[in-house]
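Below are the chains, spelled out letter by letter.
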Amino acid sequence: MQASWVLPRVTLKEVGLNNEGQSRKLSHEIMVIEDDMNLAELLKYELMDSGFHVSYFKSGRKAFQKLKSSPPDAIVLDILLEEGEMDGWAILRELKGSSDLNEISVFVSTALDEREKRISLGAKDYLVKP
């Protein structure tokens, strides 16, 4: 039996009017850090269908640089990224050790069964890969 999950619909907040006098709405920004392109695409489209704005990074190092300058509302984080890259554990440690970034919700996406480590490093929740 395969587990499934349903994402909540996002309620967009009105943030004023654009140049044409139309209502501007703001969506929540989700960063997906995943080196498996197929899984990344699946996550991206599921999140976009639920109303989230999604940015995707294959490289842990590039993702971390971007989130320092433009923090997302939440992160879906793969733990085992490409060899030689900043892995998910390092990203999670850096995030939770930073006073500017430690409030970002992180959802770990992994095939590893290391629940205690994920929670002790501050992951909000986790998705188990098949």
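Small disclaimer: the values here were computed from a predicted structure and weren't measured.

A word on the nonpolar core. One finds Ile33, Ile75, Ile91 and Leu95 to be the most contacted residues of the largest nonpolar core, which totals 19 residues. Listing elements by their share of this core, those giving two or more residues are strand E3 (29-33), helix H2 (60-69), strand E5 (74-78), helix H3 (88-96) and strand E6 (105-110). Ranked by residues supplied to this core, first place goes to H3 with 4 residues. The contact partners of Ile33, leaving out residues within four places of it in the chain, are Phe57, Gly60, Ala63, Ile75, Val76, Leu77, Asp78, Leu81 and Ile91. One finds Val32, Leu39, Leu43 and Leu47 within the second-largest nonpolar core, a separate group that totals 9 residues.

The next thing to look at is the side chain of Glu34. Along the chain, the position of Glu34 falls in the loop between E3 and helix H1 (37-49). Looking at Glu34, the relative accessible area reads 1%, which means it is buried. Looking at Glu34, its side chain comes within polar contact range of the main-chain nitrogen of Asp36, at 2.9 Å.

So, on to the pairing of E3. Counting buried residues in E3 gives 4 out of 5 residues, a clear majority hidden from the surface. Here E3 pairs with strand E4 (residues 53-57) via 5 bridges, running parallel. From the neighbouring strand, Ile33 faces E4, where its bridge partner is Phe57. For the crossover that starts at E3, traverses H1 and ends in the parallel E4, the hand is right-handed. Where E3 lies against E5, 4 bridges are found, and the strand directions are parallel. Across the sheet, residue Ile33 finds its bridge partner in E5, namely Leu77.

The rules behind these values
- Residues numbered from 1 in each chain as written.
- Predicted model: local features only at pLDDT ≥ 70, side-chain atom pairs only at ≥ 80, totals over all residues.
- Heavy atoms only, no water.
- Core = buried A, V, L, I, M, F, W, Y, C linked by side-chain atoms within 4.5 Å.
- Buried < 20%, exposed > 50% of the residue type's maximum accessible area, 1.4 Å probe, protein only.
- Helix = DSSP H or I, 4+ residues; strand = E, 2+ residues; numbered from the N terminus.
- Contact = heavy atoms within 4.5 Å.
- Polar contact = N/O pair within 3.5 Å; in protein donor to acceptor, adjacent residues only side chain to side chain.
- Pairing = 2+ DSSP bridges.
- Right-handed = clockwise from strand over helix to strand, strands pointing away.

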